[in-house]
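# Fold and contact review
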Amino acid sequence: MKSEKIHLISYESLVDKVYRLLDKIGTPQEIAQVVAKIIVNADLTGHSTHGVSAFLLCLEEIENGLIDPKAEPVIIQKNNIGIWMDGYKGFGHYAAYLAAKEACIEAKLKGIANVWIKNTNNIGRLGEYVEMMASNGCIGIAMCGTGNVSKDATVCLPNTIKRLLGTNPIAFAFPLNDSEKFVIDLSTSSIPFHKIHKARLCKENLTPGVLVDKLGKQTINPEDYYTGGAITLAGGYKGLALSLMVSILSGLSFERLNGKEVGGVFLQAIQLDQIDQSSAYQHTVKKFLHSLRSSSTESDHIRLPGDSSSALRKKYMKEGIPIKIELLRKVDNYLHKTQKSLLVK
C-alpha cells in the first residue's frame, strides 16, 4: 500500500483546527478546549493513532449518535474507597481529564485516591492523564478495560479468533522532580485498535503478527479486521493475564453488572510527598533509570519507555507535527460541512 504525503503543522495550528471543529458541532467551550489539546498531544508525542486519526472516528460516532459532544461527566458516588463518575456518553477525553483532576485533589487530602468512570467513550492516550497526575506530585496509574462486551471487543485470546477483550491499555507515571517524570503507556494487545483504523485511512500495511483474519491466519491488511478478523494479545498468555487484570479492576466502575461483562476506566493517584523519605527515593529512581540508559556497551544509550515520546514532543514543538495530508483533508472536509449535518441525530 502506498503511504500518503506528510505535512508539518504547528501544535497551535492543529489544536485550533480541532477546537474549531469541536465548537462547530456544539461542544461546550471548556470541553472543546480540553479535548482539542488532549487529541493533539497524542500526535505531539508520537502516538498518532490516538490523535487526529482517532478524532475522525469520534466524528463518525457523533454523527451516529454514539457520542454526545455536549455531555458533562458527573460524580455519582464518593466514599472512603474512591470516587465514581458517570460520563453520560460524552467525550472520554474530558471525563478522564476531570477524573485525573479529582484524583489529584483527593490524593492531596488523603494520600491516595481511586476514581472509576462508567458510560464514557474512548479516552485517548492514557499517558496524558498519568502525566497530569505526576505534574501534580502524584504517582499516576490509569487503565481502561473491557471484557466480553461484543461492541467493544477487538482482541482475541491465544489460539482463537473470536473477539472477547478490548485492547485494555495501562499507563503509569512517576514524578522524578517538579518538571521531569518517568512514563509508561502500553496496550495489553499487540497494537491499539486505532492503529488499524489509521492504517485503513492511510492505506498502509500492518506489522506481521498483530492481526489475524476471520480464518485465524496472520495478515497485514487492516481491511481483514473489518471482515471478521481480530487483534492479537501482546505476549500471549502473559498479555492475557495483564489484560484480565485491567478489565476486572476497571470493571469496578460498575458499568456492567449482568454477570458476564466487565468494563470501565480506572485512575489512581498516590501523593508522593506524603510518603516518608519520598524525596530520597525520587533521587534513587532517577539514578536507577540513568544507570539503565547508560548500560549499553554501544555508543548510543538504551531507550526506556517514554523516552521516544519525550524526544518527539520537543522536536515537534520546534519543527511542527507531521500529519498525513489525507487526514488533514478529512478534517477540513468536516469543517466545510454545514453545522446541521454534524449535529447529533
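Placed above this text is the structure.
What comes next concerns the included structure. Everything quoted here is computed from the prediction, not taken from an experiment.

### Comments concerning helix H4 (residues 92-110)
- Here H4 contains 19 residues, and its C-alpha end-to-end distance of 26 Å stays within 8% of the 27 Å for a straight helix at 1.5 Å per residue.
- The set of residues buried in H4 consists of Gly-92, His-93, Tyr-94, Ala-95, Ala-96, Leu-98, Ala-99, Ala-100, Ala-103, Cys-104, Glu-106 and Ala-107.
- Just downstream of H4 lies Gly-111, where phi reads positive at about 95°.

### Considerations on helix H6 (residues 193-201)
- Counting buried positions along H6 yields seven of nine residues, so the element is predominantly enclosed.
- Buried residues of H6: Phe-193, His-194, Ile-196, His-197, Lys-198, Ala-199 and Leu-201, and no others.
- In this fold, the buried residues of H6 make contact with helix H3 (52-63), strand E10 (211-212), strand E11 (230-231) and helix H10 (325-336).
- Two residues or fewer after H6 comes Lys-203, characterised by a positive phi angle close to 55°.

### Observations regarding the packing of H4 against helix H5 (residues 127-135)
- It is at 9 Å that the axes of H4 and H5 come closest, and there the two elements cross at 25°. The orientation of H4 with respect to H5, classified from their angle, is roughly parallel. The hand of the H4/H5 crossing is right-handed. Counted together, His-93, Ala-96, Tyr-97, Ala-100, Lys-101, Ala-103 and Cys-104 of H4 and Tyr-129, Met-132 and Met-133 of H5 form the full contact between these two elements.
- Partitioning the contact of H4 with H5 into residue classes produces eight nonpolar, one polar and one charged.

### Topic: a nonpolar patch on the surface
- Together, Val-74, Ile-76 and Tyr-88 make up an exposed nonpolar region whose accessible area comes to about 260 Å².
- With respect to the helices, strands and loops of the structure, Ile-76 is situated in strand E2 (residues 74-78).

### Things to note about the pattern of salt bridges
- Inspection of every chain in the model, using the stated rule, returns 15 salt bridges.
- Of the charged contacts in the structure, one is a salt bridge between Asp-152 and Lys-151, with a shortest N-O distance of 3.2 Å.
- For Asp-152, a relative accessible area of 28% corresponds to the partly exposed category.
- With a closest N to O distance of 2.9 Å, Glu-326 and Arg-329 form a salt bridge. Placement of both Glu-326 and Arg-329 in helix H10 is noted, with a separation of three residues, approximately one turn of the helix.

Definitions and limits used
- Residues numbered from 1 in each chain as written.
- Predicted model: local features only at pLDDT ≥ 70, side-chain atom pairs only at ≥ 80, totals over all residues.
- Heavy atoms only, no water.
- Helix = DSSP H or I, 4+ residues; strand = E, 2+ residues; numbered from the N terminus.
- Expected span 1.5 Å × (residues − 1).
- Buried < 20%, exposed > 50% of the residue type's maximum accessible area, 1.4 Å probe, protein only.
- Contact = heavy atoms within 4.5 Å.
- Axes fitted to C-alpha atoms, helices over the stretch in contact; angles between N-to-C directions.
- Parallel < 35°, antiparallel > 145°, perpendicular 65-115°, else oblique.
- Left-handed = near helix turned anticlockwise from the far one by under 90°.
- Nonpolar A, V, L, I, M, F, W, Y, C, P; charged D, E, K, R; others polar.
- Patch = residues over 30% accessible without salt bridge, like charges linked within 9 Å, V, L, I, M, F, W, Y side chains within 5 Å.
- Areas by Shrake-Rupley, 256 points an atom, 1.4 Å probe, with all protein chains shown as cover.
- Salt bridge = Lys/Arg side-chain N within 4 Å of Asp/Glu carboxyl O.

Read these as spatial facts, not as claims about activity.
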